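Topology and contacts: notes
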Amino acid sequence: MKESFVVEGLGGKRTLVGEIPVRGSKNAVLPAMASSIIFNAPLRLTNVPDIEDVYRMSELLEHLGAKTEKVKKREYVINGHDIKDSVMDEVLSKKMRASIILSGPLLARFKKVTFPHPGGCVIGARPIDLFLSGFEKMGATVDEKKESFVISAPKGLRGANIFFAIPSVTASETFIMAGVLAKGTTFLKNVALEPEITALAEFLVSCGAKIKGIGTPVLEITGTNGKLLTPKIYKTIPDRLETGSFLILAALAGKDVTITHCHPEHIEALTDLLISSGVSIEIAKSSIRVKHTEKSKLKAFNIKTHEYPGFPTDVQAPTVVYLTQVKGESFVFETIFEGRLQFTQDLVKMGADIKLWDAHRATIQGPTPLKGREVEGPDIRAGLALLVAAIIAKGTSTINSIYYIDRGYERIEERFSALGVDIKRVSGE
Ligand code: EPZ
């Protein structure tokens, strides 16, 4: 059943007040859930967000034979030890790119894994060449079928020296877990530095894995030669992308908003820019307070997305909405994905002045008042960006196919309503 959000825009007024809590990180908990495959006992995960992607990962694991149980609010126990099969369900896997993270643990443990072509999505082609070449370096053979890949390593994975041509986040996570179970030592070079990867590696070390260089671009992993680890409890770190999205909303429509349960230093690339733009921001240990700033005082700035700790591609869309509301010209260079600026056409329909030069570059002239409209949420982050645009616009907006927003943001309408946003979830036809 299709659901939509109906939003009564604030028409430029800055009235939002109160606190908004940040939930556990989607991009941290998904690899952690996949790691249940390399443990010899049930894995308990806490601070797990109630989002669609967590439900999909649970379903994927259950299809493989794992037992996943939500034991209480935001807490799961996943028994990956009982998994007997390593053929990933095609329909479920295609619903979420992150399903590919399962390939490493499954291949390492079962010496074989079958997964479907992940398929691109609205933000880009999203190839998997780094995964296939990495598995071959670890001694596996890749057999590309019409609809799927069958990867096998009858003798088990062996440690290898793998250089990532691109510091891919999920490839880094996949090969950390493959390396942990492999025979011998694996060197991963040009590893992504996102906090979610550090959190996974540190957790695995706490469970007995031997990983050196955590937080640096080079990891040395001494494999257990197939011996499974004994799990500790995994505590999901706060979602830095939720934090960034809420910062933008507060900067545009906040009178006095405090973002709580967050890791401010994980989103410094954005807070630094917003402070230099003129937003009144107070940073504490696990909260960020945004106070009313005269919009006319806010200045435009340029963004160029970059791997962590650079400006995150996942907060590019909400930041573009901010840049339509501040005085001056700004330039956006989306370096990571080729489809991530497509959503700007919906902002233009709402009244924004955005010129798309090519798939990666846009120029924005601000400020322009936005008018409420009916729009489709194209992907998780653009969906949230259009929701923020609807909240600051004048008039009513309807955002359709909000499944995408529910993929990455737990019951967002409840948390936004608590700040004073007039938003309703309505069921479609
Ligand atoms: C992760 O995706 C995140 N997802 C994405 O967040 C995030 O946008 C992205 O990293 C970049 O930060 C999860 O962590 C679950 P990449 P991932 O591999 O790992 C190219 C969200 O909204 N590439 O780091 O799939 C790729 O096409 C999602 O939460 C290859 O060329 O991204 C892209 O241009 C969206 N070959 C670049 O690398 C490969 O084999 C970076 O992608 C793999 C990737």
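Note that this is a predicted model, so its numbers are computed, not measured.

1. Here we look at the pairing of strand β8 (residues 148-152)
On any regular strand, side chains alternate: one points to one face of the sheet, the next to the other face. Most of β8 sits out of view: four of its five residues are buried. Direction of pairing for strand β6 (residues 112-116) relative to β8: antiparallel, over a ladder of five bridges. By the bridge assignment, Val113 is partnered in β8 with Ile151. Across four bridges, strand β7 (residues 141-144) lies against β8 in antiparallel orientation. Residue pairing across strands places Asp143 opposite Val150, the latter belonging to β8.

2. Details of the sheet that holds strand β1 (residues 3-8)
Strand order in the open sheet formed by four strands is β21-β22-β1-β23, with mixed pairing between adjacent strands. Each edge of the open sheet carries a strand with a single partner, namely β21 (374-376) and β23 (422-427). For this sheet, the mean angle separating the axes of adjacent strands, direction not counted, is 20°. Pairing of β21 with strand β22 (residues 396-400) involves three bridges; the strand directions are parallel. The partner of Val375 across the bridge, within β22, is Ile399.

3. With respect to empty space enclosed by the protein
Applying the stated criterion across every chain yields a total of two cavities of 30 Å³ or more. Lining the largest cavity are Val191, Ala192, Leu193, Ile197, Thr198, Ala201, Ile214, Gly215, Thr216 and Leu219. Broken down by element, the lining of the largest cavity gets its largest block of residues, three residues, from helix α7 (residues 195-206). Here the residues of the lining of the largest cavity sort into seven nonpolar, three polar and no charged. Each pocket or cavity is described by its volume, and for the second largest cavity that value is around 40 Å³. Taken together, Met88, Ser93, Ser99, Ile100, Phe115, Pro116 and Pro118 form the lining of the second largest cavity.

4. Looking at the packing of aromatic side chains
According to the stated counting rule, one finds eight aromatic pairs in the structure shown. Aromatic side chains Phe246 and Phe416 sit 5.8 Å apart centroid to centroid with 70° between the ring planes, which places their arrangement in the edge-to-face category. Taken together, the residues span a long stretch of sequence, with Phe246 in helix α8 (residues 240-253) and Phe416 in helix α14 (residues 412-417) at a distance of 170 residues. Phe416 sits in the buried class, given a relative accessible area of 0%. The residue whose ring lies beneath Arg361 is Phe333, and the NZ or CZ to ring-centre distance is 5.1 Å.

5. A word on the side chain of Lys26
Relative to the helices and strands, Lys26 is located in helix α1 (residues 26-34). Exposure remark for Lys26: the relative accessible area of 8% places this residue in the buried category. Apart from the residues within four sequence positions on either side, Lys26 is in contact with Pro49, Ile51, Asp53, Asp239, Ile380, Arg381, Arg407 and Gly408.

6. Observations concerning the site of the ligand
Taken together, 21 residues lie around the ligand, and Asp129, Ser168, Thr170, Asp314 and Ile336 are the ones closest in. Within the side chain of Lys26, a nitrogen or oxygen atom sits 2.9 Å from an oxygen atom of the ligand. One of the side-chain nitrogen or oxygen atoms of Asp314 is found 2.8 Å away from an oxygen atom of the ligand. With the chains in place, 90% of the 830 Å² that the ligand exposes on its own is no longer accessible. Elements with a contribution of two residues or more to the shell around the ligand: α1, α5 (129-137) and α6 (169-181). If you tally residues by element for the shell around the ligand, the top one is α5, at three residues. Among the residues making up the shell around the ligand, the classes are represented as 10 nonpolar, four polar and seven charged.

7. Some points on the sheet that holds strand β17 (residues 303-304)
The strand order across the open sheet formed by four strands is β17-β18-β20-β19, and the pairing between neighbours is mixed. Strands with a single pairing partner mark the edges of an open sheet, and in this sheet they are β17 and β19 (353-358). Here β19 pairs with strand β20 (residues 361-366) via five bridges, running antiparallel. Its bridge partner lying in β20, Asp353 is registered against Gln365. Contacts from helix α10 (residues 316-323) reach β17, β18 (328-333), β19 and β20 within the one sheet, and its direction differs from that of β18 by about 165°.

So, how was this worked out
- Residues numbered from 1 in each chain as written.
- Predicted model: local features only at pLDDT ≥ 70, side-chain atom pairs only at ≥ 80, totals over all residues.
- Heavy atoms only, no water.
- Buried < 20%, exposed > 50% of the residue type's maximum accessible area, 1.4 Å probe, protein only.
- Helix = DSSP H or I, 4+ residues; strand = E, 2+ residues; numbered from the N terminus.
- Pairing = 2+ DSSP bridges.
- Axes fitted to C-alpha atoms, helices over the stretch in contact; angles between N-to-C directions.
- 1 Å grid on protein atoms, 1.4 Å probe; cavity = no way out; pocket = protein on both sides within 12 Å on 5 of 7 lines; lining within 4 Å.
- Points joined across faces, edges and corners; volume = space filled by probe spheres on them.
- Nonpolar A, V, L, I, M, F, W, Y, C, P; charged D, E, K, R; others polar.
- Phe/Tyr/Trp six-rings, centres within 6.5 Å; stacked < 30°, edge-to-face > 60°.
- Lys NZ or Arg CZ within 6 Å of the ring centre and 35° of its normal.
- Contact = heavy atoms within 4.5 Å.
- Near = heavy atom within 4 Å.
- Polar contact = N/O pair within 3.5 Å; in protein donor to acceptor, adjacent residues only side chain to side chain.
- Areas by Shrake-Rupley, 256 points an atom, 1.4 Å probe, with all protein chains shown as cover.

Just geometry here; none of it tells us what the structure is for.
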